[in-house]
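The residues making up each chain are set out below.
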Amino acid sequence: MVFRILFLFSFIISTGLVAQKALDEAEQRLLNWHNKDLVTDSIPGMSTEKAYNELLKGKKSNTVIVGIIDSGVDTDHEDIKDNIWVNSKEIAGNGVDDDKNGYIDDINGWSFLSNTKDQCIDRETLEMTRIYKKFASRYENMKAEDVKSTEKYDYELYQKAKKEFIKKLSEAKSEENSVKTFYNNFTTSDSLVKAYLKKDSVTLEDLNGIVTEDEKLKKAVKMQTFLKESGMQKEEIKKYVDHVDDKLNYNLNVEFNPRTLLGDNPEVMDGKPYGSNDCQGPDPGHGTHVAGIVGAGRKNGKGLDGIADNVKIMSVRAVPDGDERDKDIALAIRYAVDNGASIINMSFGKGFSPEKPLVDEAVKYAETKGVLLIHAAGNDAQNTDKDPSFPSPYYYHSKTAASNWMSIGASTMQKGAMLPAFFSNYGRKTVDVFAPGHEIYSLKPGNLYEANSGTSMAAPMVTGLAALLKSYYPQLTCSQIIDIIMKSGTNFRSEKVNVPGSRKSKIVTKKVPFKKLSKTGKVINVYQAVKMAEQITTRQ
Ligand SMILES: [Ca+2]
Ligand SMILES: [Ca+2]
Ligand SMILES: [Ca+2]
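The structure displayed is predicted, hence computed values, not measured ones. (Residues numbered from 1 in each chain as written. Chains lettered and ligands numbered in written order. Predicted model: local features only at pLDDT ≥ 70, side-chain atom pairs only at ≥ 80, totals over all residues.)

S.K.: Requested: an account of unusual backbone geometry, with residues and values cited.
M.R.: Of note, the amide linkage connecting Phe390 to Pro391 takes the cis form, showing an omega dihedral of 0°. Examined against the element boundaries, Pro391 turns out to sit in the loop between strand 5 (372-376) and strand 6 (405-411). Not every positive phi belongs to a glycine, and Asn32 is a case in point at roughly 60°. Topologically, Asn32 is positioned in the loop between helix 2 (23-30) and helix 3 (38-41). In this model, Ser47 sits at a positive phi of 55°, which is unusual for a non-glycine residue. (Helix = DSSP H or I, 4+ residues; strand = E, 2+ residues; numbered from the N terminus.)

S.K.: Could you give an account of helix 15 (residues 526-539), with specific residues and numbers?
M.R.: Along an α-helix, a turn takes 3.6 residues, which lines up residues three or four apart on a common side. Between its first and last C-alpha atoms helix 15 spans 20 Å; for 14 residues at 1.5 Å apiece the expected length is 20 Å, and the two agree. Within helix 15 the residues assigned to the buried category are Val526, Tyr527, Gln528, Ala529, Val530 and Ala533. Buried residues along helix 15 sit against helix 4 (48-56), helix 13 (455-472) and helix 14 (478-488). (Expected span 1.5 Å × (residues − 1). Buried ≥ 20, exposed ≤ 12 C-beta atoms within 10 Å, placed from the backbone. Contact = placed C-beta atoms within 7 Å.)

S.K.: Residues and numbers for the environment of Lys60, please.
M.R.: When you line up the elements, Lys60 lands in the loop between helix 4 and strand 1 (64-70). Residue Lys60 is classed as exposed on the basis of its C-beta count, with 9 C-beta atoms lying within 10 Å.

S.K.: Lay out the packing of helix 10 (residues 285-295) against helix 13 with the relevant residues and their values.
M.R.: Relative to each other, helix 10 and helix 13 sit at 35°, their axes nearing to 8 Å. When the axes of helix 10 and helix 13 are compared, the crossing they make is right-handed. Across from His286, Val290, Ile293 and Val294 in helix 10, the residues of helix 13 making contact are Ser456, Met457, Pro460, Met461, Thr463, Gly464 and Ala467. Along the lines of polarity and charge, the residues of the contact of helix 10 with helix 13 split into 7 nonpolar, 4 polar and no charged. (Axes fitted to C-alpha atoms, helices over the stretch in contact; angles between N-to-C directions. Left-handed = near helix turned anticlockwise from the far one by under 90°. Nonpolar A, V, L, I, M, F, W, Y, C, P; charged D, E, K, R; others polar.)

S.K.: Give a description of the domain arrangement of the protein that names residues and reports values.
M.R.: As a measure of interface size, the accessible area lost when the parts come together is often cited. Each assigned domain of the protein is listed with its residue range as follows: domain 1 (25-125 + 272-539) and domain 2 (127-251). Contact residues are listed per partner, giving 10 residues for domain 1 and 10 residues for domain 2. Per-class residue counts for the side of domain 1 that touches domain 2 are 2 nonpolar, 3 polar and 5 charged. (Domains from an automatic or database assignment.)

S.K.: Residue-level account of the packing of helix 6 (residues 152-197) against helix 9 (residues 234-251), with values.
M.R.: Packing of helix 6 against helix 9 leaves a shortest axis separation of 10 Å and a crossing angle of 155°. Comparing their axes, helix 9 and helix 6 come out roughly antiparallel. Relative to helix 9, helix 6 is oriented so that their crossing is left-handed. Between helix 6, through Ala172, Glu175, Glu176, Val179, Lys180, Phe182, Tyr183 and Phe186, and helix 9, the contact on the second element is made entirely by Lys234, Ile237, Lys238, Tyr240, Val241, Val244, Lys247 and Leu248. Split into classes, the residues belonging to the contact of helix 6 with helix 9 amount to 10 nonpolar, no polar and 6 charged. (Parallel < 35°, antiparallel > 145°, perpendicular 65-115°, else oblique.)

Shown next, in the form of structure tokens:
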């Protein structure tokens, strides 16, 4: 599942906080903040501009291919279309696999979620839903003592998935209830106010001018004033209603199975080809935002400045609205590796990984080819040392971890207690480093732009930095790049910060030194990383 953050609405529903200013103002404030410098700008960004201005001017670079395994990328977007990978060995649209890589007409990448009849998977179930469904008939009425030893693992997996499924389902139902009540109150108060004023478009001034003893109208005015002040639009609230509906109708619906349109068995690696070259898909919003952070055109007068200035973005579509399949992820990693990607961004994750060995094999394959995998730590405000998020670098039933893997937490533009984003996962053993991932302004499909938050945005910061290093210092190995990124970050180790997880409460009680949230206690820094890369390569 892509890590979407709809925090604006969760705030309103859970605490009644006003959270958002008008977009234009916000745009200016947010634009490229992550590329700014702590000393010059007083913002804990990554000093990207400083690196370009002071260290990289006039330096030669090589083109680096970055694989974005995600929901798809809008390859026509004005601020990234020049930086999209093109498979030069493939002839477009002739129905032939010209470069014989196993994929027909793969020009900009591949989709493992569609077929050649223009049908595609948009929404999916969660793994917990699939596991619950798969084993329910067998284990529903079985007592633990009656389970054969060979089935113990499956039985326990079922019990765990069932517990989670029931919990999620009940949460989704109560969320549906509150969000629909909120939406209904919105529409009712909207109509009341409009009818009273006898106009279709109501301003804050109109609302302030209403003097009434009618209790219903008073309430309506209060609500509409609150919504106006918070800059909230009806469409946005409707979007949230739809999002909750999707959870119930698709993610948590045991009868839903869109996989049939692929004609593929997701549990078996059978070598049979599936998918299509539609690497944009029906909803490339998430992947486009991620891609822009890495490789949007720098100083081209449009949108934001990507971190790396000599990259080609390869879109591998494997992540639906719902949990991605292990097999698709395994094949997506292999596709990116085989077609020249040096770094792969993975801004997605899930709580169960039934076919994990398939992903492990692909990760090992990437490791042998020196390809770096950058994974978002997740947005559950959880300690991933205790509750792993998949894919994870630890191999199945093993304490050994992949050496070509980095897991990234999200930081904000605020120094001090608010430095880690309130939603970010963390872990002293399992999260490597933090990177900006809060209120990041990047691309939205259709030549548009928007600000999003999530570790999904933090991971491509590191992917961008890794690509930049590989591009200017091609002799660096995968492990050297990891080492540089870890060592060169801005040190906030002793900074007392809020432990993420304060999402549902205004009162934050627990503070820890930032070093307790990751291996390094650092936020990545492009300037320091380039400096270190320069030193290392000069010595070599
Ligand atoms: Ca091909
Ligand atoms: Ca072809
Ligand atoms: Ca740009």
